[in-house]
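# Remarks on the overall topology
The chain contents come next:
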Amino acid sequence: MSRFDDVQEITGFIAADGTPAIAGARLVNFETGKFELRPGHHAWIEQVGAPAVASSKNSWVDIYGFASKAGNAVANLELSRNRAEATKQSLGLQLAMRGVSLNEKLKIDHGFGEDHPSYVAGEDDNTPYWRAAEILIFGKRPSIIRPKKKKEVDTTRFEIRVVGGGSAAIFAQGDFYFFQIVDAIRRKTAFFYYTGGGYGVSIPKIPGPGSVTKHGPPTTFTTSRSAELHQFNSEATLTQDAGYTIGEVSVGGALGLSIKKIKDSKGLIFTNPNPIVMSGGSGIQMPGLGSVTEGVLAKVSDDFPFNGY
C-alpha cells in the first residue's frame with residue numbers, strides 16, 4: 001500500500017527497449033469530471049517524483065491522462081488531457097524550485113480519454129482507477145521501438161476466368177466481356193470489363209452472328225515480375241478462335257487475352273502465356289471463323305478477399 005493518499009506507486013516497470021523506470025505512480029481518484037490534483041498527488045510529486053527526475057541530467061518523464069466511462073466520450077477525452085496537463089504543471093513547479101526544466105525531459109500524452117487499450121470496464125464504470133493520471137520516470141530517455149516494416153508479399157501467380165459477356169459481328173466486331181482475376185498468393189480478387197472493337201468473320205445463322213457466354217473455368221498464368229491487380233488495368237487485345245457453342249456443347253471458340261501495358265517502376269511486365277487462353281462457359285456462339293479486337297481491360301471493382309469461385 002502506498003504511503004500517499006490516492007496514489008498507487010508503480011514498481012518494476014520496464015519500457016519496451018528494456019529501460020527500467022526509477023519511479024512511477026498512478027494518481028487515482030480525481031473527482032468525477034474534474035482535473036485538479038488531490039493533496040496526496042502533490043505530496044508524491046514533491047517527495048518522490050521531482051527528486052527522481054532531478055537525480056539525473058538524462059532523466060525522462062512520461063505522463064498519461066485517463067478518464068472513466070461515465071459521461072460523454074468527447075468530454076472524457078478532454079478531461080483526460082487536462083489531468084495529464086495538471087500533473088505536468090505540478091511536477092514542473094517542483095522541478096523549477098530545484099533549478100530543473102521539465103520541458104527538456106518530458107513526453108506528455110495528452111490523454112487516452114476512456115479508450116485506453118486495457119480498459120475493460122462496463123459502460124457506467126466510474127471507479128477511481130480510471131479517474132487518474134500516470135507518471136513514469138526513467139534514468140534516461142527510452143529508445144523508440146519502431147515496428148519492423150512488414151515485408152511486401154510478392155506474387156507472380158494469378159488466375160483469370162470469363163464471368164460473362166458477348167460479341168457481335170458480321171465483319172466489324174464488338175466485344176464486351178467481364179473477367180475475374182485472382183491474385184493466387186495474396187488471395188485477393190477483382191473484376192475487370194473488356195470493351196474492344198475489331199473484325200470477325202461469322203457464318204450467319206439464326207438467331208444471328210455473334211456470341212454470348214456465361215462464366216467459364218479459371219486459367220492460371222504468371223507474370224515476369226511481381227504484380228498487383230490494379231496493374232492489369234491496361235490496353236488489351238482479345239481474340240476468339242474459330243468455333244461454335246450451343247448451350248453446354250462447345251467446339252473451339254477459345255478466348256485469348258493479351259494484356260499489353262502492365263507496368264511498374266522498372267518498365268513493362270509480361271504474362272506467361274501471352275495471350276492468356278481461356279474457355280468460356282455455356283451460351284451461344286454462332287459458327288464463326290474467329291475474331292480480333294483491340295480495346296481496354298478496365299478494373300471495375302475494388303480488391304476483395306478471394307474465398308473461392
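Our structure is the block above this text.
Here is a short report on the structure shown in this document. (Residues numbered from 1 in each chain as written. Predicted model: local features only at pLDDT ≥ 70, side-chain atom pairs only at ≥ 80, totals over all residues. Heavy atoms only, no water.)

### With respect to the overall build of the chain
As a reminder of what qualifies: Helix numbers and strand numbers start at the N terminus; a helix is a DSSP run of H or I with at least 4 residues, a strand a run of E with at least 2. Every residue pair with non-hydrogen atoms within 4.5 Å of one another is taken to be in contact. Surface accessibility in these figures is a Shrake-Rupley result with a 1.4 Å probe; residues are shielded only by whichever protein chains are displayed.
Of the regular secondary structure elements, the chain holds 2 helices and 20 strands. Partitioning the intrachain contacts of the chain with sequence separation of at least 6 by distance along the chain shows that 75% fall at a separation of at least 24. Of the accessible surface of the chain, which amounts to about 16300 Å², a share of 56% is contributed by carbon and sulfur atoms.

### Section: the pairing of strand 14 (residues 255–259)
Let me state the cut-off plainly: When accessible area is computed with a 1.4 Å probe and restricted to protein chains, residues below 20% of their type maximum are described as buried, those above 50% as exposed, and intermediate ones as partly exposed. One bridge is not enough; two strands pair if DSSP finds at least two bridges between them.
Within strand 14, 5 of the 5 residues are buried, which leaves the element mostly enclosed by the surrounding structure. Residue alternation in strand 14 divides its side chains into two sets, Leu255, Leu257 and Ile259 and Gly256 and Ser258, and both sets are buried. Note that strand 14 and strand 18 (residues 276–278) share 3 bridges and pair antiparallel. Counterpart to Leu255 in the pairing with strand 18 is Met278.

### Details of the packing of aromatic side chains
Worth spelling out the cut-off: Think of it this way: a Phe, Tyr or Trp ring, Trp meaning its six-membered ring, pairs with another when their centres are within 6.5 Å, and the plane angle makes it stacked under 30 degrees, edge-to-face over 60, tilted otherwise. Put simply, a charge is over a ring when the Lys NZ or the Arg CZ is close to the ring centre, within 6 Å, and near the line of the ring normal, within 35 degrees.
Evaluation of the coordinates by the stated rule reveals 9 aromatic pairs. Measuring from centroid to centroid gives 5.6 Å for Phe158 and Phe221, while their planes differ by 20°, and the two rings are stacked. Residue Phe158 is located in strand 6 (residues 157–169), and its partner Phe221 is located in strand 10 (residues 219–223); the two are separated by 63 residues in the primary sequence. Judged by its relative accessible area of 1%, Phe221 is buried. Judged by centre distance (5.0 Å) and plane angle (85°), the rings of Phe158 and Phe232 are edge-to-face. Of the two residues, Phe158 is situated in strand 6 and Phe232 in the loop between strand 10 and strand 11 (234–240); the sequence distance between them amounts to 74 residues. Each member of the pair Phe158 and Phe232 is classed as buried. Among the aromatic side chains, those forming a connected cluster through ring pairs are Phe66, Tyr129 and Trp130. Arg26 extends its terminal NZ or CZ atom over the ring of Phe66, reaching a point 4.1 Å from the ring centre.

### Quick word on the side chain of Gln94
Mapped onto the fold, Gln94 is located in helix 2 (residues 73–96). The contact partners of Gln94, leaving out residues within four places of it in the chain, are Ile45, Glu46 and Ala50.

### Some points on the pattern of salt bridges
Applicable threshold: The term salt bridge refers to a pairing of a side-chain nitrogen on Lys or Arg with a carboxyl oxygen on Asp or Glu at a separation within 4 Å.
Here the structure, examined in full by the defined rule, presents 10 salt bridges. A salt bridge links Arg225 to Asp264; its shortest N-O distance comes to 2.8 Å. Highlighted residues: Arg225 in the loop between strand 10 and strand 11 and Asp264 in strand 15 (residues 262–264), separated in sequence by 39 residues. With relative accessibility at 23%, the residue Arg225 sits in the partly exposed group.

### Points about the nonpolar core
To keep it simple, the criterion reads: Throughout, nonpolar core names a set of buried Ala, Val, Leu, Ile, Met, Phe, Trp, Tyr and Cys residues whose side chains join them through atoms within 4.5 Å.
The biggest cluster of nonpolar side chains holds 26 residues, and the ones touching the most others in it are Leu27, Trp44, Val61, Leu91, Ile135 and Ile137. At the level of secondary structure, the elements contributing two or more residues to this core comprise strand 2 (21–27), helix 1 (39–54), strand 3 (60–65), helix 2 and strand 5 (133–138). With 7 residues, helix 1 is the single largest residue contributor to this core.

### With respect to unusual backbone geometry
As a rule of thumb, non-glycine residues mostly have phi less than zero, and peptide bonds are mostly trans rather than cis. With an omega of 5°, the peptide bond between Asn272 and Pro273 qualifies as cis. On the secondary structure map, Pro273 appears in the loop between strand 17 (271–272) and strand 18. For the bond from Asn274 to Pro275, the omega torsion is 5°, close enough to zero to count as cis. Tracing the backbone shows Pro275 in the loop between strand 17 and strand 18. One non-glycine residue, Asp6, lies in the positive phi region at around 60°. Along the chain, Asp6 falls in the segment before strand 1 (7–9). Residues other than glycine seldom take positive phi values, yet Arg187 does so here, at roughly 55°. Within the secondary structure layout, Arg187 lies in the loop between strand 7 (172–183) and strand 8 (188–202).

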